[in-house]
Amino acid sequence: MSDDFLLLNPGPVPITDAVREAMDAPMVSHRSAEFEAVYERAQDGLEYVFEHSTPQEEATSAGGTGLVLNGTATMGMEAAVANLADAESEVVALVNGKFGRRFKRIAERYSRVTPVEVTWGEAFDLDTVAEHVTDDTDLVTMVHNETSTGILNPVAEVGEIATEHDARFVVDGVTSIGGDVFRIDDWNVDIAITDSQKALAAPPGISALYVADRAVEHLDGERAPFYADLEWHLRKAADHQTPFTSAVPLFRALAVAVEQIETEGMNSRIGRHRRQAAAFRAGFAAMGLDDFPTLDDASERSNTVTAIELPESVRENPEEFFDAVAERNVSISGGQAHLDGEIFRVSNMGQLADEQVLRGVETIGEALADVGYDADPAAGRDAARTEL
């Protein structure tokens, strides 16, 4: 296994042979009964994931619809905002990383935005959030698991604040849904967004939304981009179709991927992701490395993406470190935007085996030692193994 290519980036993540092979079937029309059967399988599996992402797998929504979109999660983010807000709407956008900032930038194209911004990787002060969300607020946007920084944000608390002011609440669950706990109704989420290439462990190119029934009356597809009219998508989904030509092979792959999740069960899947994330953290800590995000009582470390500060000595020439990792046939991610050269990130999303987590820890330790940092890869691996 150690010689095989190991993809530890936080998306796209590795896919199983069955998911990959699903794309090889003969092409069919996207308006055929064969495709409708594929869409139905994908939709049923997605709704299981959206509605049962807890260790007990209890239903977390009184009703809603899963939609598959012919575009990545950024399309889903834009669709949610554009269908719920217009030029007269006030959107409170929470930003503590790249994808919170993306939500804000999308909202700025459609509405009046009141940002709540903190340094990337730091936790939100809930009192400050409460001060910014008022009875004039129409929509609140938030990222649950901030992929760029490895912090798990307090969606439940913010959802309560939004509901107190009768504001809609849209949540990016791109790197949490399918790998960690997500509660639609308990967190007052009106629209949840995820991506195929993250914890769902399908190929990139399509994404998914969950539209809670209570949100439907607030949608206005006429003001949204033509391609992202959610009222139209909901009408077509009732017949297991999309409004436009569907990426048939990607839908097939997604159907298999979500069926694999349901076979594993969200109980087991959440437990596995949490155990592997703890192993990554323990292994890196044993080598003297520091977690990147700064937490408070309401925030937690991600259970799907681990962000670690690069040692000061390595920051002088971070490319050497990343090259040393790549030479071992392992792929990890650096920081985004101004965090480039400051941190590295690894993912345990999808179907990662425990041995691959151990290899990731050891590889990073060896690469750090190559560039002069006093790392003990064996100690890192042993600490990670203890967690596993």
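Residues numbered from 1 in each chain as written. Predicted model: local features only at pLDDT ≥ 70, side-chain atom pairs only at ≥ 80, totals over all residues. Heavy atoms only, no water.

A. Layout of the sheet that holds strand β10 (residues 207–212). A sheet is described by the order of its strands in space; here seven strands give the open sequence β2-β10-β9-β8-β5-β3-β4, paired in mixed fashion. For this open sheet the edge positions go to β2 (64–69) and β4 (112–117), each flanked by a neighbour on one side alone. When the angles between neighbouring strand axes are averaged without regard to direction, this sheet yields 20°. Pairing of β2 with β10 involves six bridges; the strand directions are antiparallel. (Pairing = 2+ DSSP bridges. Helix = DSSP H or I, 4+ residues; strand = E, 2+ residues; numbered from the N terminus. Axes fitted to C-alpha atoms, helices over the stretch in contact; angles between N-to-C directions.)

B. Main features of the pairing of strand β5 (residues 139–143). In terms of burial, β5 is largely enclosed, as five of its five residues are buried. Here β5 shows a buried face lined by Leu-139, Thr-141 and Val-143 and a second buried face lined by Val-140 and Met-142. (Buried < 20%, exposed > 50% of the residue type's maximum accessible area, 1.4 Å probe, protein only.)

C. Structural detail: the pattern of salt bridges. Using the criterion set out here, one finds 23 salt bridges in the structure. A salt bridge links Asp-166 to Arg-168, with the shortest nitrogen-to-oxygen separation between them at 3.2 Å. Asp-291 is the partner of Arg-301 in a salt bridge, and the nearest nitrogen-oxygen pair spans 2.4 Å. Here Asp-291 lies in the loop between α9 (266–286) and β11 (300–301) and Arg-301 lies in strand β11, a separation of ten residues in the sequence. Given the relative accessible area of 23%, Asp-291 is considered partly exposed. Connected through salt bridges with shared partners, the residues Asp-166, Arg-168, Asp-185, Asp-190 and Arg-214 form a single ionic network. (Salt bridge = Lys/Arg side-chain N within 4 Å of Asp/Glu carboxyl O.)

D. The arrangement of the nonpolar core in detail. With 82 residues, the main nonpolar core has Leu-94, Val-140, Phe-169, Ile-191, Ile-193 and Leu-254 as its most contacted residues. Take this core: its biggest share by element is ten residues, from helix α8 (residues 248–264). The residues touching Phe-169, leaving out its near neighbours within four places in the chain, are Leu-139, Val-140, Met-142, Val-155, Val-158, Gly-159, Ala-162, Trp-187, Asn-188, Val-189, Asp-190 and Ile-191. With 27 residues, the next largest nonpolar core counts Ala-279, Phe-321, Ile-332 and Ala-384 among its residues. (Core = buried A, V, L, I, M, F, W, Y, C linked by side-chain atoms within 4.5 Å. Contact = heavy atoms within 4.5 Å.)

E. The pairing of strand β3 (residues 90–95), seen in detail. Burial analysis of β3 places six of its six residues in the buried class, which makes it a mostly covered element. What you see with β3 is no split at all: Glu-90, Val-92 and Leu-94 on one side and Val-91, Ala-93 and Val-95 on the other are buried throughout. As paired strands, β3 and β4 are joined by six bridges and run parallel to one another. The residue of β4 that forms the bridge with Val-92 is Thr-114. Each parallel crossover has a hand, and for β3 linked through helix α4 (residues 98–108) to β4 it is right-handed. In this structure, β3 lies alongside β5, joined through three bridges in parallel fashion. (Right-handed = clockwise from strand over helix to strand, strands pointing away.)

F. Expanded view of the sheet that holds β11. Within the open sheet, the three strands sit side by side as β6-β7-β11. Their pairing is antiparallel. Looking at strand neighbours, the two that pair on one side only are β6 (145–146) and β11, the edges of this open sheet. Of the strand pairs in this sheet, β6 and strand β7 (residues 151–152) are connected by two bridges, and their pairing is antiparallel. Looking across to β7, one finds that Glu-146 is bridged to Ile-151.

G. A look at α4. All of the buried residues in α4 are Phe-99, Gly-100, Phe-103, Lys-104, Ile-106 and Ala-107. All buried residues of α4 project into a common sector of 160° when viewed along the axis, lining one side. (Arc of directions from axis to C-beta.)

H. Quick peek at the packing of aromatic side chains. In the structure shown here, the tally under the stated rule is 13 aromatic pairs. With a centroid separation of 5.3 Å and an interplanar angle of 70°, the aromatic rings of Phe-182 and Trp-187 are classed as edge-to-face. The residues Phe-182 and Trp-187 share a single accessibility class, namely buried. Put simply, the rings of Phe-280, Phe-284, Phe-321, Phe-322 and Phe-344 touch in pairs and so form one group of aromatic residues. (Phe/Tyr/Trp six-rings, centres within 6.5 Å; stacked < 30°, edge-to-face > 60°.)

Function cannot be inferred from these measures alone, as they are strictly geometric.
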